[in-house]
Amino acid sequence: MRPTQWTWSYEDAEGRPVEGESAVFPTQSDAETWIGESWRELRERGVENAHLWADGAKVYGPLSLRPAE
């Protein structure tokens, strides 16, 4: 069965959760496109890393939101 809800959770540089609702996405591709477009705003809110979830199960993370050097 394919996941029906994809969401992100966020953490700061110390690994503490950063509060904020994640939008719900219908596909992994939609969720990943969104994070690619939104990472700068998230960084401004203190988000250092993101984790992707599918129907409540962790898919991957932490994903660093720091720019590539």
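Computed from a prediction, not measured in an experiment: that's the story for all the values here.

A. Just the sheet that holds strand E2 (residues 49-54), in detail. On the basis of which strands lie adjacent, the open sheet formed by three strands has the order E1-E2-E3 and antiparallel pairing. Here the strands that pair on one side only, and so sit at the sheet edges, are strand E1 (6-11) and strand E3 (57-64). The average undirected angle you get between the axes of adjacent strands in this sheet is 20 degrees. Bridge count between E1 and E2: six bridges; the pairing is antiparallel. From the neighbouring strand, Trp6 faces E2, where its bridge partner is Ala54. Along the sheet face, helix H1 (residues 28-44) touches E1, E2 and E3 and points at about 30 degrees away from the line of E1.

B. Representation of the pairing of E2 in the model. The element E2 is extensively covered by neighbouring structure, given that five of its six residues are classed as buried. With five bridges joining them, E2 and E3 adopt antiparallel strand pairing. Counted as the bridge partner of Ala54 is Ala57 from E3. Between the antiparallel neighbours E2 and E3 lie two residues, among them Asp55 with a positive phi of about 50 degrees.

C. Broad picture of the packing of aromatic side chains. All chains considered together, the criterion is met by two aromatic pairs. Consider the rings of Trp8 and Tyr60, whose centres lie 6.2 Å apart with planes at 75 degrees: the pair is edge-to-face. With a gap of 52 residues between them, Trp8 in strand E1 and Tyr60 in strand E3 connect regions that are remote in the sequence. Classification of Trp8 by relative accessible area gives buried; the value is 4%. Exposure remark for Tyr60: the relative accessible area of 28% places this residue in the partly exposed category. Considering the side-chain rings of Phe25 and Trp34, the 5.6 Å spacing of their centres and the 45 degrees angle between planes classify their relative orientation as tilted. Classification of Phe25 by relative accessible area gives buried; the value is 9%. Residue class for Trp34 comes out partly exposed when judged on its relative accessible area of 24%. The aromatic ring of Tyr10 is capped on one face by Arg45, whose charged end is 5.7 Å from the ring centroid.

Calculation rules
Residues numbered from 1 in each chain as written. Predicted model: local features only at pLDDT ≥ 70, side-chain atom pairs only at ≥ 80, totals over all residues. Heavy atoms only, no water. Pairing = 2+ DSSP bridges. Helix = DSSP H or I, 4+ residues; strand = E, 2+ residues; numbered from the N terminus. Axes fitted to C-alpha atoms, helices over the stretch in contact; angles between N-to-C directions. Contact = heavy atoms within 4.5 Å. Buried < 20%, exposed > 50% of the residue type's maximum accessible area, 1.4 Å probe, protein only. Phe/Tyr/Trp six-rings, centres within 6.5 Å; stacked < 30°, edge-to-face > 60°. Lys NZ or Arg CZ within 6 Å of the ring centre and 35° of its normal.

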